[in-house]
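Examination of the molecular architecture
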Amino acid sequence: MDLEQVKEALLEIIDSNSKKGRKWFFPKNVDNQYKILANMTLKELLIYIAPALLISVGVGFIPPYDSVFFWLIKSVIIVLIIIAPVVYVNYRPVKFRDNIRAKDYIKEFLGYRKKKKIIFIKPKNNLYE
C-alpha cells in the first residue's frame, strides 16, 4: 500500500458523517429468486407459461387443418396466448428498478384499490346555526 491508499483508508474510518458501524449498500437489481429461463423462476414457468403452452396446443388442434387462412388466424391467437403471460411476468413498469415486476405492481395496485379509503370531511361551523 502506498501513502495515498493509507490516507484514503484512514479517512474512510474516521468519516465525518458520524454514522458508526458498517455501511450497507443494496444494488437496485437485487432479487432473491433463481432465474431458470428468460428471467423467470421455475414457479413462474409452471404457473404462467405451462398453461399458456397447453392452451396454445389445444388451439392448434382445432379443425380445419387444411386451410391456410385458419392456420394464420390460429397462429396469431397462439402467439397472443403465449406472449401475454411472458409480458405479465417479465415487464418492468419502473424503468430503473429491475426487481419490481409487472405482476407485483399490478397486485399492489389492485390491493390499494380494494383498501378502504379514509375521507376527511370539513367539520360544520355551528356558530351561525
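Structure: above.
Here we summarise the structure given alongside this text. (Residues numbered from 1 in each chain as written. Predicted model: local features only at pLDDT ≥ 70, side-chain atom pairs only at ≥ 80, totals over all residues. Heavy atoms only, no water.)

Regarding the environment of Y34
- The residue Y34 is located in the loop between α1 (3-14) and α2 (42-60) in this model.
- The class for Y34 is exposed, based on a relative accessible area of 75%.
- Aside from chain neighbours lying at most four places away, what touches Y34 is M40 and T41. (Helix = DSSP H or I, 4+ residues; strand = E, 2+ residues; numbered from the N terminus. Buried < 20%, exposed > 50% of the residue type's maximum accessible area, 1.4 Å probe, protein only. Contact = heavy atoms within 4.5 Å.)

What to know about α2
- Under the 1.5 Å per step criterion, the end-to-end length of α2 is 25 Å for 19 residues, consistent within 8% with the ideal 27 Å.
- In the structure, α2 departs most strongly from a straight axis at I49, where the bend amounts to approximately 35° and where the proline P51 lies between one and four residues downstream.
- Those residues of α2 that sit buried are E44, L45, I49, A52, S56, V59 and G60.
- Tucked inside the fold, the buried residues of α2 contact α3 (68-90) and α4 (102-114). (Expected span 1.5 Å × (residues − 1). Bend = angle between axes of the 7 residues up to and from the residue.)

Looking at the packing of aromatic side chains
- Going through the model one piece at a time under the given rule, you end up with 2 aromatic pairs.
- Here the aromatic rings of Y48 and Y88 are separated by 5.4 Å at their centres, their planes lie at 70°, and the arrangement is edge-to-face. Separated by 40 residues along the polypeptide, Y48 in helix α2 and Y88 in helix α3 bring together distant segments of the chain.
- A cation over an aromatic ring shows up here: K74 above the ring of W71, its NZ or CZ 4.0 Å from the ring centre.
- The ring of Y112 has K117 sitting right over it, with the charged end atom 4.6 Å from the ring centre. (Phe/Tyr/Trp six-rings, centres within 6.5 Å; stacked < 30°, edge-to-face > 60°. Lys NZ or Arg CZ within 6 Å of the ring centre and 35° of its normal.)

Looking at the pattern of salt bridges
- Throughout the structure, instances matching the rule amount to 2 salt bridges.
- The partner of R101 in a salt bridge is E44, with the nearest N and O atoms 2.4 Å apart. Pair noted here: R101 is in the loop between α3 and α4 and E44 is in helix α2, with a separation of 57 residues, a long-range link.
- Judged by relative accessible area, E44 falls into the buried class, the value being 3%.
- Linked through salt bridges whose partners overlap, the residues forming this network are E44, R101 and K103. (Salt bridge = Lys/Arg side-chain N within 4 Å of Asp/Glu carboxyl O.)

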